[in-house]
Amino acid sequence: VSTDFISHKASSIFDVNAGIALSETFVKLVSWYDNEWGYSNRLVDLCSYMADIDGLKHVGAPEQVCICGGGNAAHVMAALTPSLLPKCKVNILTTYSDEAERWSKTLESGPMTLSKTEHDKTTRTIVAKPNMVSKDPAQAVPGSDVVFLP
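If you're wondering where the values come from, they're calculated on a predicted model, not measured in any experiment. (Residues numbered from 1 in each chain as written. Predicted model: local features only at pLDDT ≥ 70, side-chain atom pairs only at ≥ 80, totals over all residues. Heavy atoms only, no water.)

How should I be thinking about the side chain of Thr94 in this particular structure?
Position of Thr94 relative to the elements: it lies in the loop between β6 (89–93) and α3 (99–107). Judged by relative accessible area, Thr94 falls into the buried class, the value being 2%. Excluding residues within four positions of it along the chain, Thr94 makes contact with Gly69, Gly70, Glu99, Ala100, Trp103, Val133, Ser134 and Lys135. (Helix = DSSP H or I, 4+ residues; strand = E, 2+ residues; numbered from the N terminus. Buried < 20%, exposed > 50% of the residue type's maximum accessible area, 1.4 Å probe, protein only. Contact = heavy atoms within 4.5 Å.)

Quick look at the structure:
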């Protein structure tokens, strides 16, 4: 991962100048990426594709989503989803150890801040807060139109 590619929405960027021909039939390729941001964008692309396939593209935005997990991709999506879908209720389900308690304690001091650097080096700050963080699926999942498993 290179700091030049932080917040770049592509899954990976092939670096043609960094490749090495090790023999006539074997070439080493180099690709740069921002793992969490690129992955989160692929999840959004997948949801859009599935909505199109399922005929839901014109139904409108979901009223509630549940993001499952506590890792980096879940953190990015927890801020990115409400910024892209401001009327959507966002619940977080994280069942790992005391993760839900740590999220809740951190969010008591205010919303999450996501600093997004575009490929052209401009920066945008996204401030958002999920509606609920829980380790109990019975609290976080019911009523969700979409469940993300990043």
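Just to check I follow, could you spell out the pattern of salt bridges for this structure?
Working definition: two side chains of opposite charge can pair if their charged atoms are close together. Taken as a whole, this structure holds four salt bridges when the rule is applied. The shortest N-O distance in the salt bridge between Asp45 and Arg42 comes to 2.7 Å. Placement of the pair is Asp45 and Arg42 together in helix α1 (residues 35–53), with a separation of three residues, close to one helical turn. Glu101 is the partner of Lys135 in a salt bridge, and the nearest nitrogen-oxygen pair spans 3.9 Å. (Salt bridge = Lys/Arg side-chain N within 4 Å of Asp/Glu carboxyl O.)

What's the story with unusual backbone geometry in this structure? I'm lost.
Outside of glycine, negative phi angles account for most residues, and trans bonds account for most peptide bonds. Its identity as a non-glycine residue notwithstanding, Ser97 has a phi of 40°, on the positive side. Structurally, the position occupied by Ser97 is in the loop between β6 and α3. For Ser97, a relative accessible area of 53% puts it in the exposed group.

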